[in-house]
Amino acid sequence: METKHEQILHYIADLEIGSKISVRQTAKVLQVSEGTAYRAIKDAEIQGLVSTVERVGTIRIEKKSQESIEKLTFDTVVNIVEGQVLGGKAGLSRTLNHFVIGAMEMDAMKRYIGANDLMIVGNRESVHAYALNEGAAVLITGGFSTSERIKRLADQTQLPVISTTYDTFTVAAKINRAIFDQLIKKEIVHVSDILIPFSETQFVFNYDSPKRWYELNRQTAHSRFPVVDQQMKVVGIVAMKDVMKEKEAHTIEEIMTRQPLVVKPSTSVASAAHRMIWEGIEGLPVVDDQQHLLGMITRRDVLKALQMIQQQPQMGETIEDIVSSQLKDYSETNHYIFQFSVTPQMSDYLGSVSHGVMTSMITTTCRRVLNHLRRGDLVVDNLSFYFFKPVQLEQTVTVRPKILEMTRRNAKMDIELFVDDQLCGKALLNAQFIVEPS
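Parameters at a glance
Residues numbered from 1 in each chain as written. Predicted model: local features only at pLDDT ≥ 70, side-chain atom pairs only at ≥ 80, totals over all residues. Heavy atoms only, no water. pLDDT = per-residue confidence, 0-100. Contact = heavy atoms within 4.5 Å. Phe/Tyr/Trp six-rings, centres within 6.5 Å; stacked < 30°, edge-to-face > 60°. Buried < 20%, exposed > 50% of the residue type's maximum accessible area, 1.4 Å probe, protein only. Lys NZ or Arg CZ within 6 Å of the ring centre and 35° of its normal. Helix = DSSP H or I, 4+ residues; strand = E, 2+ residues; numbered from the N terminus. Salt bridge = Lys/Arg side-chain N within 4 Å of Asp/Glu carboxyl O.

Asker: How would you sum up the confidence of the model for the protein chain? Please name residues and give values.
Answerer: Per-residue confidence for the protein chain gives a mean pLDDT of 84; residues scoring 70 or more make up 90%. Considering only residues more than four positions removed or in separate chains, one finds that residues 65–70, a stretch of pLDDT under 50, has 7 contacts.

Here it is as structure tokens:
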């Protein structure tokens, strides 16, 4: 038999694309509490069934495929340009293909526009109509609106018409920057991409007896469960040590660990992995801004996600990518040597190499050495760095890393930096490997 939560998810999934969803209406139709409806709608948002767009509300969208993680959708464009949706709300979840600036004659424009493109144009209604008929969305710049005929056409074609107060140049720059950022973000997997959904999450109520823990332990073989109150807010964690320690307790609330570590759906998997390793735990509850339970993540899921990240092609460059690309490897067997030359982009306001660049170079060097010896993901949890003399522009820095200790779980390294054979800096680094739970 379906739970109320599952019934609401199925109800949402059966709605037409573009339908507006409200907590009150959903609760009324399915005869559930508004709290239950709210949690299910949030779960649907995590699953990609609905999207909340500013000044529009929560709407049913077409579920995005995992392959489109790096692409922009039209609802993202609305937020980027702080726009207003004039029509075609049902198409907001579509993926943007290209954007075209309508600063040419209509005949010339026809060669460039295609399905799921975005036509950026002013108050030229003939262009609005042509773009929609060709399967492209429309972004009207300068704060202009459009006619009711165009709005109806947008609704019929399920292609959004968006109005923004920005000019064409600013809009193009903002979207171009967002596309570049998305190419970088595709490598950043978030908790929402890997969490065990609420409907599959095992939890206990704070008023349950410890017997409930034993029941769930037998059913799942897990020993750690989130504790929630009647509003489904996470208030604690109960583990085997808690149950064994307080055998005379009457409720879970008496034995649980309060103020547990939690993560949000928007937390990066790398950040969650670091917290799990640092605290030595195998799972974390996922909550929304009001601490409502949304699901769980496990260390095994985190490891799989980090492996998936490594398999993705890297198309955008972060500042760290640009800096570390200057690092040259001159290592020999069991003798590691790296070098880089200081460029203007690496300097601080005094003309010396910046501390941030040096830190990035040290961590990159250590990652390369440790990955050479042992494949696997790692996190740097401690770095002590000492400058002995400034490093100027165009000077060549030699980095000599040495492994002090290396185990299955962590590594300690000593790093020395030289300029013209003179010691200019020294660092001690400690890193932890992300390993499968045994």
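Asker: Can you break down the packing of aromatic side chains residue by residue, with the values?
Answerer: In this description, a pair of aromatic rings is defined by centroid distance and the angle of the planes. Per the stated rule, a full pass over the model turns up 4 aromatic pairs. Summarising the aromatic geometry, the rings of F205 and Y207 are spaced 5.1 Å apart at their centres and angled 10° between planes, so their arrangement reads as stacked. Between W213 and Y214, the ring centres sit 5.0 Å apart and the planes meet at 85°, which makes this aromatic pair edge-to-face. According to the relative accessible area criterion, Y214 is partly exposed, its value standing at 31%. Put simply, the rings of F203, F205 and Y207 touch in pairs and so form one group of aromatic residues. The residue whose ring lies beneath R400 is F418, and the NZ or CZ to ring-centre distance is 5.8 Å.

Asker: Tell me about the environment of V23, residues and numbers included.
Answerer: Within the fold, V23 resides in helix α2 (residues 23–30). In this structure, the C-alpha to C-alpha distance between V23 and A37, residues 14 residues apart in sequence, is 5.7 Å. When neighbours within four sequence positions are excluded, V23 is seen to be in contact with E34, A37, Y38 and I41.

Asker: Would you mind going over the pattern of salt bridges in detail, with residue names and values included?
Answerer: Two side chains bearing opposite charge may form a pair once their charged atoms approach each other closely. As enumerated under the stated definition, the model contains 9 salt bridges in all. Across the pair R24 and E34 runs a salt bridge whose closest N-O atoms are separated by 3.8 Å. Residue R24 is found in helix α2, and its partner E34 is found in helix α3 (residues 34–46); the two are separated by 10 residues along the sequence. Judged by its relative accessible area of 63%, R24 is exposed. One salt bridge connects E405 with K412, and the closest N-O pair in it is separated by 3.4 Å. Look at E405 and you get partly exposed, because its relative accessible area is 38%. Taken together, the shared-partner salt bridges connect D414, E416 and K426 into one network.

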